[in-house]
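# Descriptive structure summary
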Amino acid sequence: TKEKKKGLFEKVKEKRDHSKLLKEEKEDLVEKINQLRLIVDRTAHLLMHGRYCAEEVPEVIQQARSKVLELFPDKGDLFDLIYLPRFMRLFRDWG
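Model, not experiment: these values are computed from the prediction.

Cut-off values and rules
Residues numbered from 1 in each chain as written. Predicted model: local features only at pLDDT ≥ 70, side-chain atom pairs only at ≥ 80, totals over all residues. Heavy atoms only, no water. Helix = DSSP H or I, 4+ residues; strand = E, 2+ residues; numbered from the N terminus. Rg over C-alpha atoms; globule rule 2.2 N^0.38 Å. Buried < 20%, exposed > 50% of the residue type's maximum accessible area, 1.4 Å probe, protein only. Contact = heavy atoms within 4.5 Å. Core = buried A, V, L, I, M, F, W, Y, C linked by side-chain atoms within 4.5 Å. Salt bridge = Lys/Arg side-chain N within 4 Å of Asp/Glu carboxyl O.

## A short note on the overall build of the protein chain
Along the protein chain, the regular secondary structure elements total three helices and zero strands. Secondary structure elements of the protein chain occur, N-terminal to C-terminal, as α-α-α. Against the globule reference of 12 Å for 95 residues, the protein chain gives a C-alpha radius of gyration of 22 Å, more extended than a compact globule. Taken over the C-alpha atoms alone, the protein chain extends approximately 75 × 20 × 15 Å along its principal axes. Out of the 95 residues in the protein chain, the part that is buried amounts to 21%. Intrachain contacts of the protein chain at a sequence separation of at least 6 include 64% that bridge at least 24 residues.

## Concerning the nonpolar core
Nonpolar side chains in soluble globular proteins tend to end up buried together. By size, the foremost hydrophobic cluster in this structure holds 17 residues, and its most contacted members are Leu36, Leu47, Ile61, Phe79, Tyr83 and Phe87. Those elements giving two or more residues to this core turn out to be helix H1 (2–49), helix H2 (57–71) and helix H3 (76–94). Top element by residues in this core is H2. It accounts for six residues. Contact partners of Leu36, with chain neighbours within four places excluded, come to Val68, Leu71, Phe72 and Tyr83.

## Focus: the pattern of salt bridges
In this structure the tally under the stated criterion is three salt bridges. In this structure, the salt-bridge partner of Arg65 is Asp80, at a minimum N-O distance of 2.8 Å. Of the two residues, Arg65 is situated in helix H2 and Asp80 in helix H3; the sequence distance between them amounts to 15 residues. Classification of Arg65 by relative accessible area gives buried; the value is 18%. Linking Arg92 and Asp93 is a salt bridge whose minimum nitrogen-to-oxygen distance equals 3.2 Å.

In structure tokens:
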């Protein structure tokens, strides 16, 4: 029975440690998402209100893409699918 109690305490400790890891991972993800939002909002603002010529726009977008890939290295395709058309449309309509 002493061994069972020890095993039970170990399981509780493992569960607590796992829960702590999940909480830290969640907080890290929330921080990354907030940073993503700031990058996207800043880039949209620059494209709408900056004085860029058409030749400069790809560089502005590439800088944003590079920053996003630092946060989410495997999400380049999603950036191209979601944000690239949005940024191009913003520049076309506002720039």
